[in-house]
Amino acid sequence: MAANMYRVGDYVYFENSSSNPYLIRRIEELNKTANGNVEAKVVCLFRRRDISGNLNTLADSNARDFEEESKQPTVSEQQKHQLKHRELFLSRQFESLPATHIRGKCNVTLLNETDVLAGYLEKEECFFYSLVFDPVQKTLLADQGEIRVGSKYQAEIPDKLAEGEEDTRIQEKLEVKVWHPDNQLKDPQIDQFLVVARAVGTFARALDCSSSIRQPSLHMSAAAASRDITLFHAMDTLQKNDYDLAKAMSTLVPQGGPVLCRDEMEEWSASEAMLFEEALEKYGKDFNDIRQDFLPWKSLASVVQFYYMWKTTDRYIQQKRLKAAEADSKLKQVYIPTYTKPNPNQIMAPGNKPGMNGAAGFQKGLSCESCRNLPSVAAAQSAQWYAWGPPNMQCRLCASCWIYWKKYGGLKTPTQLEGAARSGSAPQESTPRGHMTRQEVQGLSPFTTSGGRAKLLAKNRQTFILQTTKLTRIARRVCTDILQPRSAARRPYASINANAVKAECMIRLPKATKAPIKNCSIPRPPLATIVKELAIQAPLKLKAPRGTPTPINRNQANQPRGGSALLGKRPFDSSALALPFPTNGRPFTSGMRTTSQSVIKRQKVNQGDAPNPVVFVATKYTRALRKHLTQSEMRRAARKPHLPVRVKLPLPPRPLALAILPSSTSEPIVLED
C-alpha cells in the first residue's frame, strides 16, 4: 500500500511508450483537474541517451575528472557501461503528466566526493547526477548546489599545547577583536550609548534626501535606525575608542554631520525587492542565477544579505502563510494502483506457446540481446520474452533484461554499436544488432566517416524481395487506361492508388476477353555485343568556342573520361544544317513547364542509399542548339533518349553593306563583310 502512495518530492518512473525506457521525473505538485483526474507537475531529468554526442563527450570528461579527484577504485568495462545508465542530468524544465502513467519510485541523489560509484550498482533503482542540462541552450553545467564534503573542506586542527608551553602564533593575524567584555563601562552606560546612537541615526536619515523619501514619517526613520547595522556601528565605535564615552560621542557626530549607517534593506528599492521575490519564486535559493538573470547590477554578497534580512520582514511571513494555504488546498499524495496490463511487446507469456501475442514467425534460435554473454545463463530459461529494437532484426530480451531496459535505458552488456565486440557469437550474427539513437545513426553515416564498418552499420544489409501478385499483373493489362504505365514510368515519384485500380479491375475482369494475350518475344543481343556497340558510338570531344570557360562542378573532375558513353549521353554527328545533340538526361528546364503538368513533391532519397552523384555540364553551344527545338521535340527526345535528335538551323545572314559619308568628300565609301 505504501509503495503505491506517491507524494510531492518523490522521484518516480513515468511511461510514455510501451517500447521506450521510463522517464524519470520529480513530483513538484499534484493537481486535480476539472474532470476528476490527477495531473503531476514534474521536473524533468534526462539520461545520456537523451542528449547529443558532444554533450556525452563532455560528460565523460567530467566523469574522468571526478574519478581522479575522488580516487575511485578501478571498475571493469561492464561496470563502466552500467554506470552510464545510472547517471542523470538535472534540468529546470517543468511539464505536466497524468498521474496514471506513474510506474514506480526511484532514488536520485547528488554525487559528491565521498560516494563510491560502484556502490550505485549494488542498489536497485538508484541514480545520481552532478551536471545540469539546459534543453533550450543544449549545454551542460556543474550543479551549484554541491555539498562540500571531503578532506579538502575540513579544518586543520593543530596539536594541543603542552603544559607550560606558550602559543607563539601572532593573534592579530589569526583573528580581530571586536568586543572586550571586561571593560570599564557598566551595562546601563552601554545601553545609554546605544540609545544615543539610534537617535543620531534617526537625525541622519532626516537630513538625507533619499532616506526621507523612502521613510517619510518619523516612526519609519526611527525603526530603520534601530536595525542591527546601527547597533553594530555603535559597539565598533566603543571598541576603537577604548570604551571612552566622550571620544565615542564625538566619533558618532563628526564635523561633517552625523554618520548614517544603512543595510541592504534600505539600499534596495521597492522595484528591486519585487524582482528578487519573482526570482526567488522561479529559481529558489540559487543566488547565482538570481543575480545573473534578474539583478546583474548587484553583488552576490548583497543578494545573500538581502535574502536573510528579507526573511525577518512581515512580507516574508505573509507569503509564507499564503503558500501554506495553497499547499493545504492541493493534493499532498496520490494512490496509484499497480499497472497490470500486458505489454504489447511481450512475445511469450507464462503458460503460452511460442508465437503468441502477435509474435508469429519469431525465430526460436535467437538468444537474449542483453545477457547472452553473461556468466549466468539462467536467462535462457526465462518464461517471458519481449521484442526489442527494429522489427526486421527480430531481437528479443528476457524478462529481467526487459525490466533493466525500461528502468535504466540500456542493456546490461555493451553492443557492437557501442564499440564492444561480443565474444562467443555465431558468425551469422556478426552484423550489428542494437538500438541506435538518431545521434548514433548520424555519427555512423558513410557521409561523415570513411570507414567501411560505419557504412555497414548505417545501411541495412538484409536481403528482401518484392514479388508482384497475379491480380496486380492482371490489373496492369485490364486497367491500362487508368493506370497509364508510360506516364507512371516517367514520374516514378508520383503515388498510384492501387486499391482503386484493383477495384476497377474486379469490375472489368468478368467482361474481359477470354482470348490469351500474345506476347512477342524480342531476341536480346548478348552483353558483349552491346558493349562493343557502345564503344564504337563513344562521343568525340569537340572544341568549345572561344570565350568565357564553362564552370565545371567539382564532382565532375572525379568521373572517368570514358564513362559518359556508358551512361546514355548521345554523341554529336556533324552534318550540313542538321546536327544531333544530347539532352543530357533532363531536357526540360524550369521555364519550360506547361500549365497542364501537375507539380508533385518528389520524395527525398536517404543519404545511406543515395548513389554517387553524376553531373553533366552543358556547353554554351549545346544550350544554343536547344533553343531551336520545339517543346514537342524536347518531350519526344526525353521519352526516347537512345535516338539521335536532329536540329534544323536557319541559314547564315547575308553580307552587310555600310555607307559612310566622310566630311571631306561627297562620294560614299561601301564596306562589305
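Residues numbered from 1 in each chain as written. Predicted model: local features only at pLDDT ≥ 70, side-chain atom pairs only at ≥ 80, totals over all residues. Heavy atoms only, no water.

A. Molecular detail of the overall build of the chain. Within the chain, the regular secondary structure consists of 25 helices and 16 strands. Out of the 673 residues belonging to the chain, those deemed buried represent 29%. Nonlocal contacts in the chain, meaning residues at least 24 apart in sequence, comprise 66% of its contacts between residues at least 6 apart. Carbon and sulfur atoms make up 55% of the accessible area of the chain, which amounts to about 47200 Å² in all. (Helix = DSSP H or I, 4+ residues; strand = E, 2+ residues; numbered from the N terminus. Buried < 20%, exposed > 50% of the residue type's maximum accessible area, 1.4 Å probe, protein only. Contact = heavy atoms within 4.5 Å. Areas by Shrake-Rupley, 256 points an atom, 1.4 Å probe, with all protein chains shown as cover.)

B. Geometry of the pairing of strand β12 (residues 395-398). On β12, burial covers both faces: C395 and L397 on one face and R396 and C398 on the other are all buried. As defined by bridge partners, strand β11 (residues 385-388) adjoins β12 across four bridges and the pair is classed as antiparallel. Bridging from a neighbouring strand, W385 pairs with C398 of β12. In this antiparallel pair of consecutive strands, β11 and β12, the connection spans six residues, and G389 shows a positive phi of 85 degrees. (Pairing = 2+ DSSP bridges.)

C. Quick peek at the nonpolar core. Membership of the largest hydrophobic core comes to 15 residues, with the highest contact counts inside it found for I24, L88, C106, V108 and F127. At the level of secondary structure, the elements contributing two or more residues to this core comprise β2 (11-14), β4 (38-46), β5 (87-98), β6 (102-110), β7 (126-134) and α15 (399-408). (Core = buried A, V, L, I, M, F, W, Y, C linked by side-chain atoms within 4.5 Å.)

D. Broad picture of a positive patch on the surface. Together, R486, R490, R636, R639 and K640 line one region of the surface with positive charge. Of all elements in the fold, only α20 (485-490) and α25 (631-639) reach the threshold of two or more residues within the positive patch. (Patch = residues over 30% accessible without salt bridge, like charges linked within 9 Å, V, L, I, M, F, W, Y side chains within 5 Å. Salt bridge = Lys/Arg side-chain N within 4 Å of Asp/Glu carboxyl O. Lys, Arg positive; Asp, Glu negative; His and termini not counted. Charge placed at Lys NZ, Arg CZ, Asp CG, Glu CD.)

E. Seen up close, helix α13 (residues 300-310). Turning to α13, its buried residues number three or more, namely S302, V303, F306, Y307 and W310. Seen along its axis, α13 keeps its buried residues to an arc of 135 degrees; they face one direction. Buried residues along α13 sit in contact with α10 (264-267), α11 (270-283), α12 (287-293) and α14 (314-329). (Arc of directions from axis to C-beta.)

F. Broad picture of the confidence of the model for the chain. Scored by pLDDT, the chain comes out at a mean of 74, with 69% of its residues at no less than 70. Per-element mean pLDDT across the chain ranges from 39 in helix α23 (residues 563-566) up to 94 in β2. Segment residues 375-379: pLDDT under 50, and four contacts once partners within four positions in sequence are set aside and those in other chains are kept. Taken together, the stretch residues 419-461 has pLDDT below 50 and engages in 64 contacts with residues farther than four places along the chain or on a different chain. (pLDDT = per-residue confidence, 0-100.)

G. The arrangement of the environment of T413 in detail. For T413, the location among the structural elements is in the loop between α15 and α16 (438-443). Under the relative-accessibility criterion, T413 is labelled buried at 9%. Of the polar contacts made by the side chain of T413, one reaches the backbone oxygen of S370; its length is 2.6 Å. (Polar contact = N/O pair within 3.5 Å; in protein donor to acceptor, adjacent residues only side chain to side chain.)

H. Local environment of the environment of A279. Mapped onto the fold, A279 is located in helix α11. In this structure, the C-alpha to C-alpha distance between A279 and D293, residues 14 residues apart in sequence, is 8.2 Å. Every residue in contact with A279, bar those within four places of it in the chain, is listed here: G284, I290 and F294.

I. View of the pattern of salt bridges. Here the structure, examined in full by the defined rule, presents 18 salt bridges. When the shortest N-O distance is used, the salt bridge between E87 and R48 registers 3.1 Å. Highlighted residues: E87 in strand β5 and R48 in the loop between β4 and α1 (53-70), separated in sequence by 39 residues. Judged by relative accessible area, R48 falls into the buried class, the value being 10%. The closest approach of N and O atoms between E125 and K407, which form a salt bridge, is 2.3 Å. Of this pair, E125 sits in the loop between α3 (118-122) and β7 while K407 sits in helix α15, and the two are 282 residues apart along the sequence. Residue E125 is classed as partly exposed on the basis of its relative accessible area, which comes to 23%. What makes K407 buried here is its relative accessible area of 19%.

J. Seen up close, the packing of helix α18 (residues 470-478) against helix α21 (residues 498-508). Where α18 meets α21, the closest approach of the two axes is 9 Å, and the angle between their N-to-C directions is 75 degrees. When the axes of α18 and α21 are compared, the pair comes out roughly perpendicular. Touching L471, T472, I474, A475 and V478 of α18 are V501, K502, C505, M506 and R508, all from α21. Looking at the contact of α18 with α21 residue by residue, the classes come out as seven nonpolar, one polar and two charged. (Axes fitted to C-alpha atoms, helices over the stretch in contact; angles between N-to-C directions. Parallel < 35°, antiparallel > 145°, perpendicular 65-115°, else oblique. Nonpolar A, V, L, I, M, F, W, Y, C, P; charged D, E, K, R; others polar.)

K. Fine view of the packing of aromatic side chains. Counted according to the given criterion, the structure contains 19 aromatic pairs. Residues Y283 and F294 carry aromatic rings whose centres are separated by 6.1 Å and whose planes lie at 75 degrees to one another, so their mutual orientation is edge-to-face. Placement of Y283 in helix α11 and of F294 in the loop between α12 and α13 is noted, with a sequence separation of eleven residues between them. Under the relative-accessibility criterion, Y283 is labelled buried at 16%. Taken together, the ring pairs in this structure connect W268, F276, F287, F306, Y307, Y308, W310 and Y316 into an aromatic cluster. One cation-aromatic arrangement involves R103 over Y339; the distance from NZ or CZ to the ring centre is 3.8 Å. (Phe/Tyr/Trp six-rings, centres within 6.5 Å; stacked < 30°, edge-to-face > 60°. Lys NZ or Arg CZ within 6 Å of the ring centre and 35° of its normal.)

L. Molecular detail of the packing of α11 against α13. Between α11 and α13, the shortest axis-to-axis distance is 12 Å and the interhelical angle comes to 90 degrees. Judged on the interaxial angle alone, α13 and α11 are roughly perpendicular. The segment α11 lies against α13, with A273, F276, E277 and L280 engaging V303, F306, Y307 and W310.

M. Region of the structure containing α11. Taking 1.5 Å per residue as the helical rise, α11 with its 14 residues ought to reach 20 Å, and the 20 Å between its terminal C-alpha atoms agrees with that figure. For α11, every residue scored as buried is listed here: E272, A273, F276, E277, A279, L280 and Y283. All buried residues of α11 project into a common sector of 165 degrees when viewed along the axis, lining one side. Away from its buried face, by an angle of more than 90 degrees, α11 presents the exposed residues A270, E281 and K282. Contacts from the buried residues of α11 go to β5, α10, α12, α13 and α14. Phi turns positive, to about 75 degrees, at G284, one or two residues after α11. (Expected span 1.5 Å × (residues − 1).)

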